[in-house]
Each structure stands twice: as C-alpha cells, then as structure tokens.
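Analysis of the macromolecular model
Each chain, letter by letter, is given below.
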Amino acid sequence: IFRRVNNERKVGVLVIDYFKADYDSKDAFSTATSLTGLVNYCKNEIAGVYKIPILGAIQTTQSGSVSFSSSVVTAVSTLCWIDLKTNAEITTDGESCGNAKLSVLFNRNGAQMQKDDYIDLQFDGDIITYRSPEKQHIRKEPY
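First things first, this report covers the structure right here in the doc. The model shown is predicted, which means the values in this text are computed figures rather than measured ones.

The subject of this paragraph is a nonpolar patch on the surface. Together, Val13, Val15 and Leu55 make up a nonpolar patch on the protein surface, roughly 300 Å² of accessible area in all. On the secondary structure map, Val15 appears in strand 1 (residues 14-19). Residue classification places Val15 among the exposed residues on the basis of a relative accessible area of 58%.

Okay, here's the thing in structure tokens:
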C-alpha cells in the first residue's frame, strides 16, 4: 500500500495508527518478536529506503507501561507518551500551557528528558487534535 501511494503522491511522513503484534500464538516471546519485526521492517524498509520519518502508536498495558517495552526500545529512535494533565498540573502551569503533555521516555536522537518534565500540548477532543499551546510551562526547581 505504501509503495502504491508513494508512487501516486510522494509521502513526506508515514503515520501508522497502531503497531499490532501477532497475539494468536499466546506466547509472550513470539508476540514480542512479531512486534519488533514489524517496527524494524517499517524503520529499515520504509523509513530507511525512502528517507522519511515514521510515527506510530503501540499498545500499553493496563498499568500504563509500554507493552513489550524492552523489545520496542531496541527498535525505535524515540519513545513518547502523551497524557492529559491533571487539574493540579493545569493550575500550576497555567491554562495557556494547554491541557495535555508529551514526555519523551527514550531518545536515541539527543539528550534524555527528565522524568518529571514534559512538553505542553493543547488537546481538542471534539476533533481529536493536538496542537502547540500559547506557551510552554517553565520548570520550577523546589529549591
């Protein structure tokens, strides 16, 4: 599908809604290998060959951690987490800093983000859109 669309109209960025592993085997190792293989294929055969970035979503566990995170981290360049801010975070940051946040959990492309830091986003749930808010919060050290 990608090659056909790319021939008709050059693709600048590929967004994959959801990377889904093969869950039929009921074997955790096989499922993790399937997911890693799919991510590696997209990274090497599409991003590498066509020189374009790929953005994709992966499933999380019920506790909110990344499913098969150890295998996924070996295949991705950057792993981000998007979440809605709590009321306390909105109050602390200010409403002009948005109602959502993006944290970079793993980054091969540069410095690592601190665990308690994030990038502010404005989420509009009516049209399922994230955009840059009016301003970014300023991180305040407690001391």
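And the narrative resumes.
By the element assignment, Asn6 lies in helix 1 (residues 2-8). A residue is classified by how much of its surface remains accessible, and Asn6, at 5% relative accessible area, is buried. The spacing of Asn6 and Tyr50 is 44 residues in sequence and 9.4 Å in space, taken between C-alpha atoms. At a separation of 2.9 Å, a polar atom in the side chain of Asn6 contacts the main-chain amide nitrogen of Val11.

Ranked by internal contacts, the top residues of the largest apolar core, which has 13 residues, are Phe2, Leu14, Ile16, Phe19, Val39, Ile46 and Ile52. Mapped by element, the contributors of at least two residues to this core are strand 1 and helix 2 (28-50). Broken down by element, the residue count for this core peaks at four residues, all from helix 2. Excluding its chain neighbours within four sequence positions, the residues that come into contact with Phe2 are Val11, Leu14, Ile46, Tyr50 and Ile52.

Let us now look at the sheet that holds strand 5 (residues 119-124). Ordered by their spatial adjacency, four strands build an open sheet running 3-4-5-6, and the pairing between neighbours is antiparallel. Both outer strands of the open sheet, strand 3 (78-84) and strand 6 (129-131), are each paired with one neighbouring strand and no more. In this sheet, neighbouring strand axes are inclined to one another by 35° on average, regardless of whether the strands run parallel or antiparallel. In this sheet, strand 5 lies alongside strand 4 (residues 100-107) in antiparallel orientation, the contact comprising three bridges. Directly across from Ala100, in strand 5, lies its bridge partner Leu121.

The next subject is the side chain of His137. With respect to the helices and strands, His137 occurs in the segment after strand 6. Assessed through its relative accessible area of 15%, His137 is described here as buried. Within the structure, the side chain of His137 is placed 3.4 Å from the side chain of Asp117, a separation counted as a polar contact. Contact partners of His137, with chain neighbours within four places excluded, come to Asp93, Cys97, Asp117, Tyr118 and Asp120.

What counts and how
- Residues numbered from 1 in each chain as written.
- Predicted model: local features only at pLDDT ≥ 70, side-chain atom pairs only at ≥ 80, totals over all residues.
- Heavy atoms only, no water.
- Patch = residues over 30% accessible without salt bridge, like charges linked within 9 Å, V, L, I, M, F, W, Y side chains within 5 Å.
- Areas by Shrake-Rupley, 256 points an atom, 1.4 Å probe, with all protein chains shown as cover.
- Salt bridge = Lys/Arg side-chain N within 4 Å of Asp/Glu carboxyl O.
- Helix = DSSP H or I, 4+ residues; strand = E, 2+ residues; numbered from the N terminus.
- Buried < 20%, exposed > 50% of the residue type's maximum accessible area, 1.4 Å probe, protein only.
- Polar contact = N/O pair within 3.5 Å; in protein donor to acceptor, adjacent residues only side chain to side chain.
- Core = buried A, V, L, I, M, F, W, Y, C linked by side-chain atoms within 4.5 Å.
- Contact = heavy atoms within 4.5 Å.
- Pairing = 2+ DSSP bridges.
- Axes fitted to C-alpha atoms, helices over the stretch in contact; angles between N-to-C directions.

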